[in-house]
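Understanding the architecture of this molecule
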Amino acid sequence: MLMRKFKCIELGTRISTALIWIAVAVWLPTASAACPETERVVRFGFFTDFAPISYSADPDPASPYHNTHQGYEADLVTAIETMKGVNLSFEYSAIDQWDRIWLKSAQPEFDMIGGGITALESRTMDASGTTLIRFTAGHIRFHQSLLVRSEDKERLSSYRNLDDTKRIYAFRGTTTEAHLLKSTGLSTKDGRLAAGVRVVTPNGTVIANGGDDLFIAAHGASPILDNRMSLHSPSSSTMPEVVYDLGDTEPESALQAGRIDGIQSDEIENHLKAQNSDGALVISIVDGGSEIGAFSVAVSDTALAGCLNEAVEWLTDGRKIGYAEWVEDSTVFLKRAKQK
């Protein structure tokens, strides 16, 4: 009986030891099975004009530094490149045009696209509904906001206060634009323009009848509206005018000069503009919801998607590390990469 008791204790000890080693093996960061065994060069296209998330070192396309990526996403990608066992290196190409930029990862010249892109299922498909791309694990959280002159903060603290006497700037083809249109009643949740909304384009003014033929959504717009310059509410309405074209004037300069009454953008970008205005500009509205930003890859490239997912999840610690931590320490992702 005593011998049997000792054997039971010995067996239990072996099981406990095995479980401990299994736990350690699971916890310790190891080389990813999803990543290539030899180095793969990833052709990475990034948006050039979304500071501080993603921007070019020199906006001049003729500059040798135009393809140098900077900002939050640049540091994240650099950290991915330095991770042990990931075996990815990146070849950078600057992309100046935002329109449906996420779909470019399905084109032969690119493997991956970035630039502060909100990951939406509707954005994975082309106009015919064919799925072309997939998004990686999310790495940043966005909140929509409205930037106004400081004296207008209280008066324009709600989208309900944006009537047809107000002019709001938005960037075409973004979740920012889609959010503004939905929040002010200029469009429905699915992007269908309200009856009577007038859209000024280079080819003339288009008037919506409330049907499905005219829409502006986060994933795109009716082809006739692609180059829209401004959007006007029905007469005598509680909806604002939306402005897309300010010529060579920066939106924040136009706002301070009184040419527009607000800038609809994500909170990160608007916060930076407010900081740089010496108190002249403030954020009056911050949306309670949030959007997740990610990279896009071709839908068929499951290997790259899997590798990037594991790398992003590790570097962000499952999105516990993000923009706020990067602002405090821009090397936060590199430090995390060295632990891999």
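Residues numbered from 1 in each chain as written. Predicted model: local features only at pLDDT ≥ 70, side-chain atom pairs only at ≥ 80, totals over all residues. Heavy atoms only, no water.

**What about the overall build of the protein chain?**
To be explicit about the condition: Per the convention used, a helix needs a DSSP run of H or I reaching at least four residues, while a strand needs a run of E reaching at least two, with both numbered from the N terminus. Working definition: with a 1.4 Å probe on protein chains only, accessible area under 20% of the residue-type maximum means buried, over 50% means exposed, and in between means partly exposed. Here, Shrake-Rupley sampling with a 1.4 Å probe gives the accessible areas, and only protein chains in the shown set may cover a residue. By the counting scheme adopted, Arg and Lys are positive, Glu and Asp are negative, and His together with the chain ends is not counted. For charged residues, the charge sits on one atom: NZ in Lys, CZ in Arg, CG in Asp, CD in Glu.
Along the protein chain, the regular secondary structure elements total eight helices and 19 strands. With the C-alpha coordinates aligned to their principal axes, the bounding extent of the protein chain is approximately 95 × 45 × 45 Å. Among the 340 residues that make up the protein chain, the fraction classed as buried is 46%. With the model as given, the accessible surface of the protein chain reaches about 17000 Å², and the carbon-plus-sulfur share is 52%. Positive and negative side-chain charges in the protein chain, numbering 32 and 45 respectively, have mean positions lying 10 Å apart.

**Topic: the packing of aromatic side chains**
To keep things clear, this is the line we draw: Only the six-membered ring of Trp is used, alongside the rings of Phe and Tyr, when aromatic pairs are assigned; centres must lie within 6.5 Å, and planes under 30 degrees apart are stacked while those over 60 apart are edge-to-face, with the rest tilted.
Applying the stated criterion to the full structure yields 13 aromatic pairs. Pairing F47 with W98 gives two aromatic rings, centres 5.1 Å apart and planes at 65°, and the pair type is edge-to-face. Taken together, the residues F47 in strand β1 (residues 40-47) and W98 in the loop between β5 (88-95) and β6 (112-118) connect sequence positions 51 residues apart. Both residues of the pair, F47 and W98, belong to the buried class. Pairing Y323 with W326 gives two aromatic rings, centres 5.8 Å apart and planes at 40°, and the pair type is tilted.

**Section: the sheet that holds strand β18 (residues 281-286)**
In any sheet, the strands associate via hydrogen bonds between backbone groups, in a parallel or an antiparallel arrangement. Test applied: Should DSSP find at least two bridges between two strands, the strands are regarded as paired. Axes, fitted as lines to C-alpha atoms, cover a helix only where it is in contact. Angles between the N-to-C directions of the axes lie from 0 to 180 degrees. Contacts were defined at the residue level, with two residues in contact if any of their heavy atoms lie within 4.5 Å.
Across the sheet, eight strands lie side by side as β12-β11-β15-β16-β10-β17-β9-β18; this open sheet has mixed pairing. Each edge of the sheet is formed by a strand with only one pairing partner; in this case those strands are β12 (204-207) and β18. Strand-to-strand, the axes of this sheet are offset by a mean angle of 25°, without reference to chain direction. Of the strand pairs in this sheet, strand β15 (residues 230-232) and strand β16 (residues 241-243) are connected by two bridges, and their pairing is antiparallel. Paired with L231 across the strands is V242, a residue of β16. The sheet contacts of helix α3 (residues 175-184) involve β9 (144-149), β10 (167-169), β15, β16 and β17 (262-266), and relative to β17 the element is tilted by about 125°. Packing against the sheet, helix α5 (residues 267-275) makes contact with β9, β17 and β18, and its axis sits at approximately 130° to β17.

**A look at the pattern of salt bridges**
This is how the line gets drawn: Throughout this description, the term salt bridge denotes a Lys or Arg side-chain nitrogen within 4 Å of a carboxyl oxygen of Asp or Glu.
Evaluation of the coordinates by the stated rule reveals 16 salt bridges. Residue R100 pairs with D99 through a salt bridge whose shortest N-O separation is 3.0 Å. Accessibility expressed as a relative area gives 23% for R100, which makes it partly exposed. Its salt-bridge partner being R149, residue D152 comes within 3.4 Å of it at the nearest N-O pair. Like D152, the residue R149 is buried in the burial classification. The network of salt bridges with shared partners includes R149, E151, D152, R155 and D261.

**Concerning the pairing of β1**
Relative to β5, β1 runs parallel, the two being bridged by eight bridges. Its bridge partner lying in β5, G45 is registered against S93. In this structure, β1 lies alongside β6, joined through three bridges in parallel fashion. Within β6, the residue paired with G45 across the bridge is I113.

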